[in-house]
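The residues making up each chain are set out below.
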Amino acid sequence: ITAESDYGKKVTKEITVADTVAKLSAVTQKASNAFDVTFTADASKAANKDNVKVAAADATASEMSVKSVEFSKDGLTAHVTLFNNLKDGVAYNVTYDSVTVPFTAKVGEVATVAIKTASAEKDVATKIEFTLLDANGIDVTPSVSVDATCLVTANGTFTGSDFVKA
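Here the structure is a predicted model, which is why all the values come from computation and not from measurement. (Residues numbered from 1 in each chain as written. Predicted model: local features only at pLDDT ≥ 70, side-chain atom pairs only at ≥ 80, totals over all residues. Heavy atoms only, no water.)

Of note, the phi angle at D97 is positive, near 50°, even though the residue is not glycine. Within the element layout of this structure, D97 appears in the loop between β8 (91-96) and β9 (99-104). A positive phi angle is found at S98, which is not glycine, with a value near 70°. Tracing the backbone through its elements, the reader meets S98 in the loop between β8 and β9. (Helix = DSSP H or I, 4+ residues; strand = E, 2+ residues; numbered from the N terminus.)

Take the sheet that holds strand β4 (residues 34-39) next. If you trace the four strands from one edge of the open sheet to the other, you get β3-β4-β7-β6, paired in antiparallel fashion. Edge positions in the sheet fall to β3 (24-31) and β6 (66-71), since each of these pairs with one other strand and no more. Taken pair by pair, the neighbouring strands of this sheet meet at an average axis angle of 25°, ignoring direction. Relative to strand β7 (residues 77-82), β6 runs antiparallel, the two sharing five bridges. Bridging across to β7, S68 finds its partner in T81. (Pairing = 2+ DSSP bridges. Axes fitted to C-alpha atoms, helices over the stretch in contact; angles between N-to-C directions.)

On the surface, a cluster of nonpolar side chains totalling about 380 Å² of accessible area is made up of V110, V113, I128, F130 and V146. For V146, the location among the structural elements is in the segment after β11 (130-133). (Patch = residues over 30% accessible without salt bridge, like charges linked within 9 Å, V, L, I, M, F, W, Y side chains within 5 Å. Areas by Shrake-Rupley, 256 points an atom, 1.4 Å probe, with all protein chains shown as cover. Salt bridge = Lys/Arg side-chain N within 4 Å of Asp/Glu carboxyl O.)

Below, the structure written as structure tokens:
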């Protein structure tokens, strides 16, 4: 910036203006119906489920509905959950404020079952919480239909992490 007075004196000062407008910069798939987005600045007050858009890159399908957008404390990343599942191998575009970041969904077959329930009491029905992961570590639980009833009778102590007699 240069300023000149009526008396001919000039003063020049260089300033740096920080870009505080949040721009979409990256997309990382986390589940068959969810991904994380990274922004260049805090977007938590501006980005939401109505203005983060997801659609197939080839535009053959309609835009996917966003169920929720949950931000990290610093507002630089958000976890986006969709109402529907992504399709394996399909290229998608995520758009926010005219910036589009492409990614290709990976939804594989179940490779690992991660048991979250650590213990259960004798003669008490206990819900066993689990996550189904594919070989890439993507949570495919939302896209897998599971209908199972299990009755376990055992003597001894068992751990919920691996169901191996301790």
